[in-house]
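# Descriptive analysis of the structure
Read off the chains here:
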Amino acid sequence: MGYVIAIDGPAGAGKSTIARGVAERLRYVYIDTGAMYRAVALWASRTQTGSSDAHKLEQLAISADIELLPLGRVRLNGEDVTDAIRTPEISALASQVASIGTVRAAMVLKQRRIAENASVVMEGRDIGTVVFPDARVKIFLDADPAERVRRRAVELPDEHPDTLASQIAERDRRDRNRAESPLLQAQDATYLDSTGMTPQQVEDAILKIVRERISNGRSHEKDADTATERTAGTATERKS
Ligand code: DC
């Protein structure tokens, strides 16, 4: 197993942009675990599986063939679903699906398998607390709510900012208060507030921590080369 850099935090804190950037600079594989929950939610929606049908949702989660491709593309059962999983409806459903313990167990298993053979930058809500409690570097990335709404508004220009604000607030509430693996800062995570920072500044701050933890102060990019020969490729679980 390679190194794991865990980046957790609420929606809109900048996790995807930052995690992707850090992975590129380190030449680690970038894993967006939110996309995995979204893929299960999309499948549930298409099969008209209700968010309370825990048994069926678990079956879908276990059998979903989810591939995370370069440039953030996502494939579900062989189909490119990159755009389909980003609608507000699927965002809401993903948050509901992610509150089911058996669905989470299936996702965690897939996430651990992906990291068996690669150094990864993995972003989500429970990476530092549940998926990889021994991750070498743990970051809790936050930003103030108004800034998070502004960032989402750039991604979803057709949505009214007030609608986005209430959607984010509702997802935050559910993600933080659910019984199963709620969004929580790991005790040994570094808290980073990205409000008012550029992505480059946040990436630099994280790479400084990586340098301290992994490279004993040596240049991270150089160390990354020696730590892993791997370049970011398709991330998919190894079938056993
Ligand atoms: O990061 P995102 O917005 O794409 O995540 C979609 C939903 O999945 C979000 O409501 C929280 C949930 N999620 C989770 O519970 N655990 C993760 N590791 C990643 C995402």
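Right above here is the structure, for reference.
In this report, the structure presented in the accompanying data block is examined.

Each value, and the rule that gives it
- Residues numbered from 1 in each chain as written.
- Predicted model: local features only at pLDDT ≥ 70, side-chain atom pairs only at ≥ 80, totals over all residues.
- Heavy atoms only, no water.
- Buried < 20%, exposed > 50% of the residue type's maximum accessible area, 1.4 Å probe, protein only.
- Helix = DSSP H or I, 4+ residues; strand = E, 2+ residues; numbered from the N terminus.
- Pairing = 2+ DSSP bridges.
- Phe/Tyr/Trp six-rings, centres within 6.5 Å; stacked < 30°, edge-to-face > 60°.
- Contact = heavy atoms within 4.5 Å.
- Near = heavy atom within 4 Å.
- Polar contact = N/O pair within 3.5 Å; in protein donor to acceptor, adjacent residues only side chain to side chain.
- Areas by Shrake-Rupley, 256 points an atom, 1.4 Å probe, with all protein chains shown as cover.
- Nonpolar A, V, L, I, M, F, W, Y, C, P; charged D, E, K, R; others polar.

So, on to the pairing of strand β6 (residues 120-124). Residues in a regular strand project their side chains so that they alternate between the two faces of the sheet. Of all five residues in β6, five are buried; the element is thus mostly enclosed. Neither face of β6 is exposed, since Val120, Met122 and Gly124 on one face and Val121 and Glu123 on the opposite face are all buried. Pairing analysis gives five bridges linking strand β1 (residues 4-8) to β6, with the strands arranged parallel. Bridging across to β6, Asp8 finds its partner in Gly124. Direction of pairing for strand β2 (residues 29-32) relative to β6: parallel, over a ladder of four bridges. Each residue of the ladder has a partner; that of Ile31, found in β6, is Met122.

Once that is clear, we can look at the packing of aromatic side chains. Enumeration according to the criterion identifies one aromatic pair in this entry. For the ring pair Phe140 and Tyr191, a centre distance of 6.2 Å and an interplane angle of 15° mean the geometry is stacked. Note that Phe140 is positioned in strand β7 (residues 137-142) and Tyr191 in strand β8 (residues 190-193), a separation of 51 residues in sequence. In this structure Tyr191 comes out as partly exposed when scored by relative accessible area, which is 42%.

Quick look at the environment of Arg174 now. Tracing the chain through its elements places Arg174 in helix α8 (residues 161-177). Arg174 gets classed as buried once you look at its relative accessible area, which sits at 17%. With 78 residues separating them in the primary sequence, Arg174 and Gln96 have C-alpha atoms 7.8 Å apart. Leaving out residues up to four positions away in the same chain, Arg174 has contacts with Ala92, Ser95 and Gln96.

Surveying the vicinity of the ligand reveals 15 residues, the closest of which are Arg38, Arg104, Asp126, Arg171 and Arg178. Contacts to the ligand include Asp126, whose side-chain N or O atom sits 2.8 Å from a nitrogen atom. Contacts to the ligand include Arg171, whose side-chain N or O atom sits 2.8 Å from an oxygen atom. Burial of the ligand by the protein chains amounts to 98% of its free accessible area of 440 Å². Put simply, the parts of the chain that give the shell around the ligand at least two residues each are α2 (33-46), α4 (88-97) and α8. No other element matches α2, which puts four residues into the shell around the ligand. Grouping the constituent residues of the shell around the ligand by class yields three nonpolar, four polar and eight charged.

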